[in-house]
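Observations on the three-dimensional arrangement
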Amino acid sequence: MNTAGHPEATTRRDLELTPFRGLELTPFRGLRYDPDRVGSLAAVTSPPYDVVVRPDGVHHLQSADPHNIVRLILPEADTPTARNARAADTLHRWLTEGVLTADPEPGLYVYEQYDGNGMLQRGIIGALRVSDPSEGVVLPHEDVMPHIVADRADLMRATSANLEPLLLTYRGNGRAADEVVERTAEKPPLLATTTEDGFSHRLWSVTDPDDVARVQSDLAHHQALIADGHHRWATYLRLRAEHPSPSPWDYGLVLLVDTARYPLRVRAIHRLLHGLPVPDALSALHGHFRVRRVDAPLPEALTALAEAAASGNAFLLAGDGEFHLVDRPDPDLLTRTIPADRPEAWRTLDATVLHATLLDHIWHVPEDSPAHIAYIHDAAATVRKAERGGGTAVLLHPVHEDVVRDLARQGVTMPRKSTSFGPKPASGLVLRALNI
């Protein structure tokens, strides 16, 4: 195989001269809110389910509009079964009442986000063929937690729908798909709204057969990195295995962004350790890490964290009303606690040291137990929750996208919840029903 025309096709399969079957994006009839049936399009949107800070965020979104998408992606009831049944009933009711309607013909969707300060992102939403990691088409870079995959699978089964798109990145280098995206964005959009975070959102449909074919032909030469949505991609894989092929479950809803044209921001995902007071966390670090108090507000404390992270592993602890910078781990401790059979780039990740050395060896906190640990995208929210609950907030510095992509191409997954790529697509602008 000649990989010169396939800049993303660099997996083991290519080296073995196996024909590369790249990204297969398919049009679908999107479900969208009828703007005449809701207060505003902004009021019915939500961040992705795992970014919503529960319960405050859920209640805030519910109060924004009775039809907010959070009632589908994070339904509330006493039991998991009741929650999923409520989501399914709500979706059925909104379809019956015309709150949500299906577009008249299948299409791909060009999606734009703009923050007013120079951050512009455009991509293509469609139904992507679900592929195993061994195919080298969609590359995961993080491990997943089985209980979250099971939760998302139960919700998708109940609703027979993909309620929010995953965020995937690829390197298109200005080819045919980009040309279709840019040309489409010059036309009047299907919808336009501005959410409370200041981002404006616009959506267009691509239904012209020639344009769809151009996009599909281009993407067939590429692989993609999962930027956000590992648990939902693992859910797609599980549900595809449950349904004989061919079926609608062979595909899952995604947003593909060409980061050669629109680079994403990469942020850290922070940890909230329930039941571990800051004094206890700090005491356990004695002799293993250097610990310094940072007498500054959060923005300056995060700057200090970034400076320390530039020369080695560093973390910022909070929850007792102060900030504590933790860095310079004992090299012998790292040698004893971090697996040696992984690439150097993986062994030196802050997330690796956090999970292998701090959580597992020093603090003895199980990383997959919601009763012991929570993963939160917002630093200030993590600190507030730690102070309210008497726990410890562990704030991390983000890793660069190139490190993530290089590890993914080697088939090496990072510790779970290591990165937060953005801006993330707003949930509620377009949904995919599997029975329409």
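This write-up is about the structure you can find in this document. Quick caveat, the model's predicted, so the values are computed rather than measured.

What counts, and at which threshold
- Residues numbered from 1 in each chain as written.
- Predicted model: local features only at pLDDT ≥ 70, side-chain atom pairs only at ≥ 80, totals over all residues.
- Heavy atoms only, no water.
- Salt bridge = Lys/Arg side-chain N within 4 Å of Asp/Glu carboxyl O.
- Helix = DSSP H or I, 4+ residues; strand = E, 2+ residues; numbered from the N terminus.
- Buried < 20%, exposed > 50% of the residue type's maximum accessible area, 1.4 Å probe, protein only.
- Phe/Tyr/Trp six-rings, centres within 6.5 Å; stacked < 30°, edge-to-face > 60°.

1. Brief notes about the pattern of salt bridges
Evaluation of the coordinates by the stated rule reveals 25 salt bridges. A salt bridge links E182 to R261; the nearest nitrogen and oxygen atoms lie 3.2 Å apart. Taken as a pair, E182 in helix α6 (residues 176–184) and R261 in the loop between β12 (251–258) and β13 (265–267) lie far apart in primary sequence, 79 residues in all. By relative accessible area, E182 is classed as buried at 17%. Between R183 and D211 there is a salt bridge, with the nearest N and O atoms lying 2.9 Å from each other. Taken as a pair, R183 in helix α6 and D211 in helix α7 (residues 209–219) lie far apart in primary sequence, 28 residues in all.

2. Regarding unusual backbone geometry
Cis geometry is found at the peptide bond from S245 to P246, where omega equals 0°. Tracing the backbone shows P246 in the loop between α8 (230–242) and β12. Backbone torsion omega between G422 and P423 reads 5°, so that peptide bond is classified as cis. Position of P423 among the secondary structure elements: in the loop between β20 (420–422) and β21 (432–433). Phi is positive for S160, which is not a glycine, with a value near 50°. Checked against the element boundaries, S160 lands in the loop between α5 (146–159) and β7 (161–162). Look at S160 and you get partly exposed, because its relative accessible area is 23%.

3. Regarding the packing of aromatic side chains
The final tally for this structure, using the stated rule, is three aromatic pairs. When the centroid spacing of 6.1 Å and the interplanar angle of 50° are considered together, the rings of Y33 and W94 count as tilted. Linking Y33 in strand β2 (residues 31–33) with W94 in helix α4 (residues 80–97), this pair joins segments that are 61 residues apart in sequence. Note on accessibility: Y33 and W94 belong to one class, buried. Ring geometry for W233 and Y236: centres 5.9 Å apart, planes at 70°, overall edge-to-face. Pair noted here: W233 and Y236 are both in helix α8, with a separation of three residues, about one helical turn.

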